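Overview (structure and organization)
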Amino acid sequence: MVLKLHYFAAPGKAEVARLCLTLGGIPFEDVHYTHETFPTFKAKAPFGQVPVLELEDGKMLAQSGAIDRYVAKLAGLYPEDPLDAAHADQAVFLLIDLTDAFGPTWALPKDEQVKAREAIMATKGREKLGYLAKLVPGGAYVAGGKLSFADLGVFVMLSSLTSGQFDGVSKTCLDEFPDLKAFRNKIASEPAVKAHYDKHTEGIRAAFKPDA
Ligand SMILES: N[C@@H](CCC(=O)N[C@@H](CS)C(=O)NCC(=O)O)C(=O)O
């Protein structure tokens, strides 16, 4: 049995694992749930949530942070040097801070959601993007001078933010951060990443391409 990655169709908390598995040439089944089909799987998921990685023996691994690091190691995308690994993790934890800032907005009605997100992007979001920009000067890789799972995480975050799919977050939100724009474009242009998204002409993943 091959690895099975259980999640919704959206990039969300599964896209880094999908990219690691794809770039590493590791066969896996990408299992998607809908609002209607998820409850049945929820009852089986270790912590009642997805993503879940179902291993070859049927055992299940939960928590995106654990799954991402496991598949990154399988794919050779987790830095071997301990300090490089810490730098990669540092960037990923900064992304979680940014994601957490938006957490309370998901439950708001649309008009309040837009206002709340615009306010976040003008304050805490902008601040975190500024810190992120310092980690990739000139578009440099996050850790160890080569591609790692942290670069994929930053790429997914930046592409999602500029996709125009999140009400209240402007597609131009990176315009004041040339290092982030250069970085996003560089990762989108990595041949294996580009090939992965070439087939997407609509939906959020259409924004995961170079110069999208
Ligand atoms: N800390 C967990 C959070 C997982 C999580 O929030 N999953 C959401 C989807 S993004 C979920 O399963 N929601 C449905 C539910 O909780 O019933 C992780 O990073 O994997």
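The paragraphs below set out a description of the structure included in this document. (Residues numbered from 1 in each chain as written. Predicted model: local features only at pLDDT ≥ 70, side-chain atom pairs only at ≥ 80, totals over all residues. Heavy atoms only, no water.)

Section: the pattern of salt bridges
Our working definition: Take a side-chain nitrogen of Lys or Arg and a carboxyl oxygen of Asp or Glu: if they are within 4 Å of each other, that pair is a salt bridge. In this text, helices come from DSSP runs of H or I with a minimum length of four residues, and strands from runs of E with a minimum of two, each type numbered from the N-terminal end. Classification of residues uses two cut-offs on accessible area relative to the type maximum, computed with a 1.4 Å probe and protein chains only: under 20% is buried, over 50% is exposed, and between them is partly exposed.
Summed over all chains, the structure comprises nine salt bridges. With a shortest N-O distance of 3.0 Å, E15 and R18 are connected by a salt bridge. One end of the pair, E15, and the other, R18, are both in helix 1 (residues 15-23), three residues apart, so they sit about a helical turn from each other. For the pair E15 and R18, one class covers both residues: buried. Its salt-bridge partner being R126, residue E176 comes within 2.9 Å of it at the nearest N-O pair. Remark: R126 occurs in helix 6 (residues 124-135) and E176 occurs in the loop between helix 7 (149-161) and helix 8 (178-189); sequence separation between them is 50 residues. For E176, a relative accessible area of 44% translates into the label partly exposed. What makes R126 partly exposed here is its relative accessible area of 41%. Taken together, the shared-partner salt bridges connect E15, R18, D30 and R205 into one network.

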